[in-house]
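# Descriptive structure summary
Letter by letter, the chains look like this.
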Amino acid sequence: MSENNPREHVIMMMLDTLMDEPLQRALEEESLPALQFFMEKANHYYPDVVAPFPTMSVNVESTFITGHYSDQHHIPALAWFNQKEQRIINYGTHVIEQMKLGLSRCVYDTFYRLNNEHLNPNVTTIYEDLYQEGKTAASVNALVYRGSVENELKLPRLLRLFVPLDRTIPTKGPSHFVYGKFSKMSPWTKYSHVWNKYGFNNHFSIQEFTYFVEQDMIPHFSIVYLPDHDKRVHKHGRMDLKGIKQMDEQLQQLLNAFSSWEEALERNIWILMVITVKRRLAKTKSRH
């Protein structure tokens, strides 16, 4: 790292639907080198951090990056009724429901209006606050990302066959902005195809942030969202351990991008936290 004070880097990993009880069982029954490493080095472990209600990603993320609840940041749920427009807003409950509401409108709500119109402009985000202080920030695959830097989303040709939207959609985000295939910073194309949900998966998130590490471009503050475990929990139940093991393997890959795992802790403050409907965990900076 080239910065004079490398400990200025804060890396927040958002691990979707990782709960304390299955985590503890996984630590007993599975080999989880990365999570065990963080557990041993962490200053604090909180198994019961209270999340804002409702515990849907867009609401939780909005609360986190603004510091306000939904009555102030104005993103109440994944699907909600907009009284001003007299219509239902749907950011992605199911494609069938979105088709009934108008697929193009729902896609535009998600890609543009969520961050640029629906998120209350009268409250600032952490990205906007950091920008005012001359700090850099990253949002990797988070759904809510509003910042002060002009960015653009590039819609793939296949998607535009189904939704008649422009090839590019302007948006404002942080200085390092990754939103699946639609806005990426690495030259790598793996894990970003249509069968990979256009990059909204753990592998792509890890790939993009690994690029930051290898190019010595880690910003002052980063949010890296890993969404995949949520899908496994909904399909296999909350005690699914395979998803936790897969997540650990992905965290190992990220740690391996540094000269050593110890160096990753010495030069950065790490926070691991989750978005889930029940018990949740958070970790704060290491002893280093």
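In what follows, the structure referred to is the one given above.
Keep in mind it's a predicted model, so treat the numbers as computed, not measured.

## Considerations on the overall build of the protein
Helix and strand counts for the protein come out as twelve helices and eleven strands. A globule of 288 residues ought to have a C-alpha radius of gyration of about 19 Å, and the protein, at 19 Å, matches this closely. Projected onto its principal axes, the C-alpha coordinates of the protein cover approximately 50 × 45 × 35 Å. Counting over 288 residues, the protein shows a buried share of 51%. If you sum the accessible surface of the protein, you get close to 13,800 Å²; carbon and sulfur atoms cover 51% of it.

## Points about a nonpolar patch on the surface
A surface patch of nonpolar side chains, amounting to about 620 Å² of accessible area, comprises Leu-158, Leu-161, Phe-162, Val-194 and Trp-195. Counting through the fold element by element, Leu-161 comes out in helix α8 (residues 157-162).

## Focus: the environment of Tyr-45
Within the element layout of this structure, Tyr-45 appears in strand β2 (residues 45-46). For Tyr-45, a relative accessible area of 27% corresponds to the partly exposed category. Once the C-alpha coordinates of Tyr-45 and Leu-272 are considered, the two residues, 227 residues apart in sequence, prove to be 9.5 Å apart. Within the structure, the side chain of Tyr-45 is placed 3.2 Å from the side chain of Gln-24, a separation counted as a polar contact.

## Things to note about the pattern of salt bridges
Considering all chains together, one arrives at nine salt bridges under this definition. Across the salt bridge formed by Asp-109 and Arg-87, the nearest N and O atoms sit 2.8 Å from each other. Placement of the pair is Asp-109 in helix α6 (residues 103-118) and Arg-87 in strand β4 (residues 87-90), with a sequence separation of 22 residues. Taken individually, Asp-109 and Arg-87 each receive the classification buried, so the pair is uniform in this respect. A salt bridge links Arg-146 to Glu-128; its shortest N-O distance comes to 2.9 Å. Taken together, the positions of Arg-146 in the loop between β5 (137-140) and β6 (149-154) and Glu-128 in helix α7 (residues 126-132) put the pair 18 residues apart, joining distant regions of the chain. Each of the two residues, Arg-146 as well as Glu-128, counts as buried.

## Here's the deal with the environment of Phe-38
With respect to the helices and strands, the residue Phe-38 is situated in helix α2 (residues 33-41). Accessibility expressed as a relative area gives 4% for Phe-38, which makes it buried. A sequence separation of 173 residues divides Phe-38 from Tyr-211, and the C-alpha atoms of the two residues are 21 Å apart.

## A word on unusual backbone geometry
In the Ramachandran plot, Tyr-191 falls in the positive-phi region, its phi being about 70 degrees despite a non-glycine side chain. In this fold, Tyr-191 is placed in the loop between β8 (176-178) and α9 (202-214). Under the relative-accessibility criterion, Tyr-191 is labelled partly exposed at 23%. Located in the positive-phi region is Tyr-198, a residue other than glycine, with phi close to 55 degrees. Within the secondary structure, Tyr-198 is located in the loop between β8 and α9.

## Concerning α6
When the terminal C-alpha atoms of α6 are compared, their 18 Å separation across 16 residues is substantially less than the 22 Å that a helix rising 1.5 Å per residue should span. A bend of about 55 degrees at Tyr-112 is the largest found in α6. Buried within α6 we find Cys-106, Val-107, Asp-109, Thr-110, Phe-111, Tyr-112, Arg-113, Leu-114, Asn-115 and His-118.

## Description of the side chain of Asn-196
Here Asn-196 is to be found in the loop between β8 and α9. Once you skip the residues sitting within four places of it in the chain, Asn-196 turns out to touch Tyr-191 and Asn-201.

## As for the packing of α2 against helix α11 (residues 242-255)
Between α2 and α11, whose axes approach to 7 Å, the crossing angle comes to 75 degrees. Judged by the inter-axis angle, α2 sits roughly perpendicular to α11. Across the interface between the two elements, Pro-33, Ala-34, Leu-35, Phe-37 and Phe-38 of α2 pack against Ile-244, Asp-248, Leu-251, Gln-252 and Leu-255 of α11. Here the residues of the contact of α2 with α11 are counted per class, giving eight nonpolar, one polar and one charged.

## Focus: helix α10 (residues 228-236)
Along α10, the residues classified as buried are His-229, Arg-232 and Val-233. Along α10, the residues classed as buried sweep out an arc of 100 degrees about the axis, all on the same side. Residues of α10 that are exposed and point more than 90 degrees away from the buried face comprise His-234 and Lys-235. Tucked inside the fold, the buried residues of α10 contact β1 (10-16) and α11. Backbone geometry just downstream of α10 places Gly-237 in the positive-phi region, at approximately 100 degrees.

About the thresholds
- Residues numbered from 1 in each chain as written.
- Predicted model: local features only at pLDDT ≥ 70, side-chain atom pairs only at ≥ 80, totals over all residues.
- Heavy atoms only, no water.
- Helix = DSSP H or I, 4+ residues; strand = E, 2+ residues; numbered from the N terminus.
- Rg over C-alpha atoms; globule rule 2.2 N^0.38 Å.
- Buried < 20%, exposed > 50% of the residue type's maximum accessible area, 1.4 Å probe, protein only.
- Areas by Shrake-Rupley, 256 points an atom, 1.4 Å probe, with all protein chains shown as cover.
- Patch = residues over 30% accessible without salt bridge, like charges linked within 9 Å, V, L, I, M, F, W, Y side chains within 5 Å.
- Salt bridge = Lys/Arg side-chain N within 4 Å of Asp/Glu carboxyl O.
- Polar contact = N/O pair within 3.5 Å; in protein donor to acceptor, adjacent residues only side chain to side chain.
- Expected span 1.5 Å × (residues − 1).
- Bend = angle between axes of the 7 residues up to and from the residue.
- Contact = heavy atoms within 4.5 Å.
- Axes fitted to C-alpha atoms, helices over the stretch in contact; angles between N-to-C directions.
- Parallel < 35°, antiparallel > 145°, perpendicular 65-115°, else oblique.
- Nonpolar A, V, L, I, M, F, W, Y, C, P; charged D, E, K, R; others polar.
- Arc of directions from axis to C-beta.

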